[in-house]
Amino acid sequence: MSMDDDRELLAPLRDLEPPGASTVSVAQAIRDGRRRKAAFAAAAAVMVALVAVGLGLSQRQQLPTAAGRFDVATAGLLCSPRSQGGRS
């Protein structure tokens, strides 16, 4: 394409009048954008907190408890001599 072709293609646009004043409020658009950004950040923080709590609850395990009484005197009876380092 040459420059003359470009001028020919754009010629109809030169005769058009620009539209009237814009109905878009730039200040309102900026406020809306900030509000949406803050809402998105808050929603993301809530989701992260929910996931963290959910993972924490799913990883929580109850420690096993002894069925009977446990003391030092009976602790040695529960282990074999081999596991205590003794000879069998």
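Residues numbered from 1 in each chain as written. Predicted model: local features only at pLDDT ≥ 70, side-chain atom pairs only at ≥ 80, totals over all residues. Heavy atoms only, no water.

To continue, consider the overall build of the protein chain. Each helix and strand in the protein chain was counted, giving 3 helices and 0 strands. Ordering the α and β elements of the protein chain from the N terminus gives α-α-α. A total of 88 residues make up the protein chain; the buried ones form 0% of that total. Total accessible area on the protein chain is roughly 8700 Å²; 63% of this is exposed by carbon and sulfur atoms. (Helix = DSSP H or I, 4+ residues; strand = E, 2+ residues; numbered from the N terminus. Buried < 20%, exposed > 50% of the residue type's maximum accessible area, 1.4 Å probe, protein only. Areas by Shrake-Rupley, 256 points an atom, 1.4 Å probe, with all protein chains shown as cover.)

So, on to a nonpolar patch on the surface. A cluster of nonpolar side chains, contributed by Leu9, Leu10, Leu13 and Leu16, occupies part of the molecular surface with about 420 Å² of accessible area. Within the fold, Leu10 resides in helix 1 (residues 3-14). Relative accessible area serves as the criterion here: at 44%, Leu10 is assigned to the partly exposed category. (Patch = residues over 30% accessible without salt bridge, like charges linked within 9 Å, V, L, I, M, F, W, Y side chains within 5 Å. Salt bridge = Lys/Arg side-chain N within 4 Å of Asp/Glu carboxyl O.)

In regions of low pLDDT, the predicted coordinates are not meant to be interpreted in detail. Mean pLDDT for the protein chain: 79, with 67% of residues reaching 70 or above. The secondary structure element of the protein chain with the lowest average pLDDT is helix 3 (residues 72-78), at 57, and the one with the highest is helix 2 (residues 26-59), at 94. (pLDDT = per-residue confidence, 0-100.)

An ideal rise of 1.5 Å per residue puts 16 Å on 12 residues; helix 1 measures up with 16 Å between its terminal C-alpha atoms. For helix 1, a buried count of 0 out of 12 residues is recorded, marking the element as mostly open to its surroundings. (Expected span 1.5 Å × (residues − 1).)

All chains considered together, the criterion is met by 2 salt bridges. A salt bridge links Arg7 to Asp4; the shortest N-O distance between them is 3.6 Å. Note that Arg7 and Asp4 are positioned in helix 1 at a spacing of 3 residues, about one turn of the helix. A salt bridge links Asp32 to Arg35; the nearest nitrogen and oxygen atoms lie 2.9 Å apart. Here Asp32 and its partner Arg35 are both found in helix 2, 3 residues apart, which amounts to about one turn of the helix. Taking relative accessible area as the criterion, Arg35 reaches 52% and is therefore assigned exposed.

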